[in-house]
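Structural description and commentary
Next come the chains, spelled out residue by residue.
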Amino acid sequence: MKHYNIAILGATGAVGQTMIKVLEEREFPIDELRLLASPRSAGKELEYMGVKYKVEPVSPEAFEGIDIALFSAGGSRSKEWAPIAVEKGAVVIDNSSAWRMDENVPLVVPEVNPEDVKWHKGIIANPNCSTIQMVVALNPIHKAKKIKRVIVSTYQAVSGAGAKAIRDLEEETKAYFEGKYYYPEALPQHIAFNVIPHIDVFLDNNYTKEEMKMVNETRKIMHAPDIKVSPTCVRVPVFYGHSESIVIETEEPITPEEAREILKEAPGIILEDDPHNNLYPMPIEAAGKDEVFVGRIREDFSFDNGLAMWVVADNLRKGAATNAVQIAELLVEYGLV
Ligand SMILES: NC(=O)c1ccc[n+]([C@@H]2O[C@H](COP(=O)([O-])OP(=O)(O)OC[C@H]3O[C@@H](n4cnc5c(N)ncnc54)[C@H](OP(=O)(O)O)[C@@H]3O)[C@@H](O)[C@H]2O)c1
């Protein structure tokens, strides 16, 4: 079996460290592994398969001989380094928003549009974490009954804003009980015992950039340019796992039972829908897992053909690292590296 040279840019970050774990768990066939980050992390050691690897500062030479480069170091680093990595012969799978809406770049969720990998020109984009779990849950229903409209409110974990935001929730919670003051470094407001209806920057239309990612990326991934999406993205004091309250309007009627039957068979989904026995998805249970969990499926009786559901997934895994590694697996399966 062929083995591949893999680089991870952003290896020291929340997503990067999860990528190392996911590559190890899924036994991705790796020949050489290069862990890259900023010069601040040079020399730091990270473990893969029980072996310690030294983190290297990113440089053009670091991409020499690399087959697949997994990027998770933010948009500006992706803009700067992805063309260099591609020029050196690597296929880049990028976790930032830098390339997602570029018409020359496929935006891929393997359960939804795996074939889009085939037209890549060097860069493949991994969607936003909130979008990934939503399209995994909605695409099977869309294929059966055509979704016209989606209204979604998210409850997003602090890990979605990176390693510093995880520390913010820890430090602010400790400070609260010690009667001390702490102001978050990576989040725009207090996060301990609070919820923040503000993720990424506000745009002229009064939605945030995070919310508009859910609108535009959903259309591109599902090949559904007319689907209407109305999102409200909210940060909550949870460490790992994003939750979403989703209401859809379908073209043809769909009963909750029909939706359950469809979702039970759908790839990447675990149905947890027995509310009378207190069974419904929760982030504390989804954390550390790769599937998208769906429950609380019920009729939305505020309009015709309405269906409500609750969708939860680990943002660092299915929302980022696992989805990226699945894309790398598709490249291998299709013989594209
Ligand atoms: N967190 C999520 O749930 C999630 C989900 C989907 C997508 N994403 C995207 O994934 C990316 C990484 O997110 P994260 O949550 O892992 O952030 P993070 O924890 O803050 O990690 C950022 C990583 O980028 C590296 N980096 C920063 N500046 C650099 C530079 N100048 N040169 C090279 N490397 C540099 C950091 O290295 P140092 O340690 O050396 O500073 C670190 O490894 C972002 O684009 C984010 O939008 C995140």
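In case you missed it, the structure is sitting above this.
Just so it is clear, the model here is predicted, and its values are computed rather than measured.

**Overview of helix H5 (residues 209–222)**
Residue pairs three or four apart in sequence face the same way in an α-helix, which turns once every 3.6 residues. With 14 residues, H5 ought to run about 20 Å at 1.5 Å a step, and its terminal C-alpha atoms sit 20 Å apart, in line with that. Residues Glu210, Glu211, Lys213, Met214, Glu217, Thr218, Lys220, Ile221 and Met222 constitute the buried set of H5. In this structure, the buried side of H5 is in contact with helix H3 (129–145), strand E9 (147–155) and strand E10 (228–232). With its phi angle positive at about 50°, His223 sits one or two positions after the end of H5.

**Concerning the packing of H3 against helix H6 (residues 256–265)**
Contact pair H3 / H6: the axes reach a minimum separation of 9 Å and the direction vectors enclose 120°. As far as their axial angle goes, H6 and H3 are oblique. Between H3 and H6 lies a crossing of right-handed hand. Counting all contacts with H3, which are made through Pro140, Ile141 and Ala144, the residues of H6 involved are Ala259, Ile262 and Leu263. Class assignment of the residues belonging to the contact of H3 with H6 gives a composition of six nonpolar, no polar and no charged.

**Section: the nonpolar core**
Of all hydrophobic cores here, the largest spans 92 residues; its most connected members are Ala7, Ile8, Met19, Ala69 and Ile93. With eight residues, H3 is the largest single contributor of residues to this core. Structurally, this core is a two-domain feature, drawing no fewer than three residues from each of domain 1 (4–127 + 320–333) and domain 2 (131–315). Contact partners of Met19, with chain neighbours within four places excluded, come to Ile8, Leu70, Ser72, Ala321, Ala324 and Val325.

**Quick look at the pairing of strand E11 (residues 242–250)**
Sheet topology places E9 next to E11; eight bridges connect them, and they run antiparallel. Of the residues in E11, the one forming a bridge with Tyr155 is Ser243. Here E11 runs beside strand E14 (residues 306–313); their pairing, made up of eight bridges, is antiparallel. Within E14, the position partnered with Ser243 by the bridge is Val312.

Calculation criteria
- Residues numbered from 1 in each chain as written.
- Predicted model: local features only at pLDDT ≥ 70, side-chain atom pairs only at ≥ 80, totals over all residues.
- Helix = DSSP H or I, 4+ residues; strand = E, 2+ residues; numbered from the N terminus.
- Expected span 1.5 Å × (residues − 1).
- Buried ≥ 20, exposed ≤ 12 C-beta atoms within 10 Å, placed from the backbone.
- Contact = placed C-beta atoms within 7 Å.
- Axes fitted to C-alpha atoms, helices over the stretch in contact; angles between N-to-C directions.
- Parallel < 35°, antiparallel > 145°, perpendicular 65-115°, else oblique.
- Left-handed = near helix turned anticlockwise from the far one by under 90°.
- Nonpolar A, V, L, I, M, F, W, Y, C, P; charged D, E, K, R; others polar.
- Core = buried A, V, L, I, M, F, W, Y, C linked by C-beta atoms within 7 Å.
- Domains from an automatic or database assignment.
- Pairing = 2+ DSSP bridges.

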